[in-house]
Amino acid sequence: MKTQILKFLQLKQLYGQYACGERYTMPLRCLAPQTPFHNNLEYLIKNCSLCNRIKHCKEPSIGIVNSQASICFISEIPLIDEKGQFVQNKSALMLQNIITRVFMLQLSQVCVLSLVKCDGYNLRIEKSEILSCMGFCLSQLEKITSKVCILLGNQVGEHILGTHLEVGRILWHNNRKFLMTYSLNELVRNPSLKGEAHHHFLLVKGQL
């Protein structure tokens, strides 16, 4: 399954570059078959130009992929920059506080993924941009073993699980527990939701 996803993403990239005028006369050698899957995936993300969001950042963000992390956070936009550090906005600062103050964990102990991989300062996401990036996010999710994944927002829940999930409810899906809560942007705009979201995080903490 991972090999098929990888080939699909490579092909999609090549079609995009072909549409922009590039032509290929030699076999693609940048992704040797013996290269580990996670390195191939990282290369594909780092060199992605499938949507216009790449125009507004230095390079796509891989996020934090920790195969041994017990918890994974999935947001709509990237909250980790290309250097592996939190971007400087209110949503990223809030997640950093949730990780360190609610779960009492270090950044090295969690996974932080996103639906799209570019431009963590642009809250507006086109559906086409999500569709371009979804293969990356799902492939990353396959290679981690987190006990619980926290889906930060309804849009994340619908794209990851393919269905609407009630906030605060833990769902067992594909041998993993998922919980959907409010998006970080919702919590920034509406602080009255923070108490309810905190209760959601405590539910997850009890599952670890």
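- The protein chain has the name Uracil-DNA glycosylase-like domain-containing protein in an unreviewed UniProt entry, where Helicobacter japonicus is given as its organism.

A word on the environment of Gly153
Right, so step 1: Of note, Gly153 is situated in the loop between strand 3 (148-152) and helix 5 (154-161).
Right, so step 2: Residue classification places Gly153 among the buried residues on the basis of a relative accessible area of 0%.
Right, so step 3: It is 7.5 Å that separates the C-alpha atoms of Gly153 and Glu76, two residues lying 77 residues apart in sequence.
Right, so step 4: Setting aside anything within four residues of it in sequence, one finds Gly153 in contact with Met180, Thr181, Tyr182 and Ser183.

Re the packing of aromatic side chains
Right, so step 1: This structure, assessed with the given rule, holds 2 aromatic pairs.
Right, so step 2: With 5.8 Å between their ring centres and 75 degrees between their planes, Phe73 and Phe103 make a pair best called edge-to-face. Taken together, the residues Phe73 in strand 1 (residues 71-75) and Phe103 in the loop between helix 3 (90-102) and strand 2 (110-114) connect sequence positions 30 residues apart.
Right, so step 3: Assessed through its relative accessible area of 1%, Phe73 is described here as buried.
Right, so step 4: Seen from their ring centres, Phe103 and Phe201 are 6.1 Å apart, and the 65 degrees between their planes marks the pair as edge-to-face. Separated by 98 residues along the polypeptide, Phe103 in the loop between helix 3 and strand 2 and Phe201 in helix 7 (residues 194-205) bring together distant segments of the chain. As far as burial versus exposure is concerned, Phe103 and Phe201 are alike and both buried.

Re the packing of helix 4 (residues 127-142) against helix 5
Right, so step 1: At a minimum axis separation of 10 Å, helix 4 and helix 5 run at an interaxial angle of 70 degrees. When the interaxial angle is binned, helix 4 and helix 5 end up roughly perpendicular. Each of Ile130, Met134, Cys137, Leu138 and Leu141 in helix 4 lies in contact with helix 5, whose residues at this interface are Gln155, His159 and Ile160.
Right, so step 2: Its residues assigned to classes, the contact of helix 4 with helix 5 shows 6 nonpolar, 2 polar and no charged.

Quick word on unusual backbone geometry
Right, so step 1: One non-glycine residue, Met104, lies in positive phi territory at about 55 degrees.
Right, so step 2: As for its placement among the helices and strands, Met104 is situated in the loop between helix 3 and strand 2.
Right, so step 3: Residue classification places Met104 among the exposed residues on the basis of a relative accessible area of 57%.
Right, so step 4: At Asn174, a residue that is not glycine, the phi angle is positive and equals roughly 50 degrees.
Right, so step 5: Considering the arrangement of structural elements, one finds Asn174 in the loop between strand 4 (170-173) and strand 5 (176-181).

Let's talk about the environment of Phe136
Right, so step 1: Here Phe136 lies in helix 4.
Right, so step 2: A sequence separation of 94 residues divides Phe136 from Glu42, and the C-alpha atoms of the two residues are 9.0 Å apart.

Quick word on the environment of Leu113
Right, so step 1: Within the element layout of this structure, Leu113 appears in strand 2.
Right, so step 2: Residues Leu113 and Leu151, spaced 38 residues apart in sequence, show a C-alpha to C-alpha distance of 9.8 Å.
Right, so step 3: Excluding anything up to four places from it in sequence, Leu113 contacts Ile62, Ile64, Val65, Cys72, Phe73, Ile74, Ser75, Cys137, Gln140 and Leu141.

Conventions adopted
Residues numbered from 1 in each chain as written. Predicted model: local features only at pLDDT ≥ 70, side-chain atom pairs only at ≥ 80, totals over all residues. Heavy atoms only, no water. Helix = DSSP H or I, 4+ residues; strand = E, 2+ residues; numbered from the N terminus. Buried < 20%, exposed > 50% of the residue type's maximum accessible area, 1.4 Å probe, protein only. Contact = heavy atoms within 4.5 Å. Phe/Tyr/Trp six-rings, centres within 6.5 Å; stacked < 30°, edge-to-face > 60°. Axes fitted to C-alpha atoms, helices over the stretch in contact; angles between N-to-C directions. Parallel < 35°, antiparallel > 145°, perpendicular 65-115°, else oblique. Nonpolar A, V, L, I, M, F, W, Y, C, P; charged D, E, K, R; others polar.

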